[in-house]
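Residue-level structure breakdown
The chain contents come next:
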Amino acid sequence: MIELKNVHKSFGKNKVLKGVTVRVENGEVIVILGASGSGKTTLLRCLNFLERADEGELTIHDFHVNFHQATRKDILAVRRRTAFVFQNYNLFLNQTALKNVMEGLVTARKMPKVEAEKIAGAALGKVGLSGKYDAYPHQLSGGQQQRVAIARAIALKPDAILFDEPTSALDPELVGETLNVIKRVVCDENIASIVVTHEMSFASEVASQVFFMDDGVIAEQGTPREIFTRPKEERTKQFLRRILPDTDYQI
Amino acid sequence: MYKTIDLVRVLEDLPIVAPGILNTMFIVILASALGIAVGLLLAVARVNRVPVLNQLAVVYGSFMRGTPVIVQLFIVYYGLPMLFKQFFNINLARMAKINFVIVAYGLNTSAVYSEIFRGALSGVPIGQLEAAFSVGLTRWQAFRRIIAPQAFLSALPGISSCVIGLIENTSLAFTIGVVDIMGKVKVIGSATEHYMEAYICAAIYFIAMSLILRRIFSAVEKVLQSRVAGIGSAA
Ligand SMILES: Nc1ncnc2c1ncn2[C@@H]1O[C@H](COP(=O)(O)OP(=O)(O)O)[C@@H](O)[C@H]1O
Ligand SMILES: [Mg+2]
């Protein structure tokens, strides 16, 4: 279980998050939608302390912390319970696929190499890259790199995985396979997943809740069916009309 | 009297100058090690904008780059013993001269290395650090495992030219009486009055050393960068 409560974040005078609350249960997947600039990335980055939120609380299972009071130790603890899948993969460029997946296990968690190798191998197998252990990032396609990044995330057995537009940097023909891998891993594991994506079919199939973010707040939330077919808020309707121009939905 | 160049004498001088290579290499290797270590510290201070250290690093850098290396050599050779005597009551007068040369060149090149490393460190994409954080690495672990190795790769061409440049620069060490290649040349020259042949000898050794080092560096670069393309000069 992971819960963000009343998260606030400003960059200078620009108030980006104005009190966001999100809760995800184990084994549950939620999707966050919203126009570019609405604060989705900032929310995920605050959760992982890549940005420091000004206010708000975070709970991961039994672990609880106030964003503005978090110590270095708290931050490390949060990062070791969560994993982040970045829009542009961010694989370690100086390491092979296998080493990328092993890094968090061996260096951060002090796991013996042999054991880490086994886990990393299994994770790469899960994302369909068993043959690519020794490939460096530049030898892999974008889709393959993102699958390594997903393997790197699940190998850590985190309580939560945060996906920030995991397919938006990919060529269109690679989006499908990557989404399939994500579906497989988020359903397999006993983890809470937060996925920022505009892939509606993915959201419909996998998400139990869809959160629509606008101007730093959750403007509307509900099941994919509720959000996609019966949005209540005018701004949700407008947003959906823009990204789903050809789909008819009832009001 | 007009002297001609005696090629036989050049050949005779070669083995006499040869032992000087050891001292030259000794200076180059140790001064580079010192320069790289200090340069790395300065670069880290500058990239992370460590208060005070950052400003000191800037001043230090402009002093080192703005004064001739021979002036620095003399300041270290004559000044350091005075300083140690004055403030710590430690007598450095009996220390081997070559140590002063190593310190002088180490400090001199550290300014260059600090620039090389600063560029290399800030050239590593911020996403690499964030990914390291996201898998639970501490700042130090991220630096050691992810940032430094990548920065090192892109710094390699700069390191290479700095080391090779240092080979030539060490030729001033004889001015304080260190018997490196140029020191041997001076010995031969004053004994035989035939300086030119000895200079040619020195030139041959300097060229050979540069060529060999250049080869070694480019081989290392090739191996590393063929594996990890997308970092450094390939980027
Ligand atoms: N590091 C930063 N410094 C200043 N402003 C930022 C920073 N990161 C994001 N912002 C601003 O925060 C707002 C939300 O950005 P972001 O969270 O990336 O939105 P989204 O992911 O929904 O597109 C934007 O106005 C952006 O300019
Ligand atoms: Mg974003």
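One can find the structure itself at the top, above this paragraph.
Overview of the structure. (Residues numbered from 1 in each chain as written. Chains lettered and ligands numbered in written order. Predicted model: local features only at pLDDT ≥ 70, side-chain atom pairs only at ≥ 80, totals over all residues. Heavy atoms only, no water.)

1. Let's talk about the interface of chain B and chain A
If you look at the interface, chain B gives 22 residues, while chain A gives 25 residues. Here chain B and chain A share two salt bridges between them. Across the salt bridge formed by Arg145 of chain B and Glu103 of chain A, the nearest N and O atoms sit 2.8 Å from each other. Viewed at the interface, chain A and chain B are joined by 10 residue pairs in polar contact (both at pLDDT 80 or more). Of all the secondary-structure elements, those providing two or more residues to the side of chain B that touches chain A are helix H6 (126-134), helix H7 (139-169) and helix H9 (195-227) of chain B. Per-class residue counts for the side of chain B that touches chain A are 10 nonpolar, eight polar and four charged. (Contact = heavy atoms within 4.5 Å. Salt bridge = Lys/Arg side-chain N within 4 Å of Asp/Glu carboxyl O. Polar contact = N/O pair within 3.5 Å; in protein donor to acceptor, adjacent residues only side chain to side chain. Helix = DSSP H or I, 4+ residues; strand = E, 2+ residues; numbered from the N terminus. Nonpolar A, V, L, I, M, F, W, Y, C, P; charged D, E, K, R; others polar.)

2. Observations regarding the packing of helix H4 (residues 113-126) of chain A against helix H5 (residues 142-155) of chain A
Residues and elements named next belong to chain A. Put simply, H4 and H5 touch, their axes get as near as 8 Å, and they point 130° apart. When the interaxial angle is binned, H4 and H5 end up oblique. In the packing of H4 onto H5, the handedness of the crossing is right-handed. Contacts between H4 and H5 involve Ile119, Ala123, Leu124 and Lys126 on the former and, on the latter, Val148, Ala151, Ile154 and Ala155. Along the lines of polarity and charge, the residues of the contact of H4 with H5 split into seven nonpolar, no polar and one charged. (Axes fitted to C-alpha atoms, helices over the stretch in contact; angles between N-to-C directions. Parallel < 35°, antiparallel > 145°, perpendicular 65-115°, else oblique. Left-handed = near helix turned anticlockwise from the far one by under 90°.)

3. Focus: the site of ligand 1
Residue and element names in this part refer to chain A. Taken together, Phe11, Asn14, Val16, Ala35, Ser36, Gly37, Ser38, Gly39, Lys40, Thr41, Thr42 and Glu51 make up the full set of residues adjacent to ligand 1. Within the backbone of Gly37, one N or O atom sits 2.7 Å away from an oxygen atom of ligand 1. Between Lys40 and ligand 1, the recorded distance is 2.8 Å, taken from a side-chain N or O atom to an oxygen atom. Relative to its unbound accessible area of 560 Å², ligand 1 is 59% covered by the protein chains. At the level of elements, strand S2 (14-24) and helix H1 (40-47) are the ones that each hand at least two residues to the shell around ligand 1. Broken down by element, the residue count for the shell around ligand 1 peaks at three residues, all from H1. Here the residues of the shell around ligand 1 are counted per class, giving three nonpolar, seven polar and two charged. (Near = heavy atom within 4 Å. Areas by Shrake-Rupley, 256 points an atom, 1.4 Å probe, with all protein chains shown as cover.)

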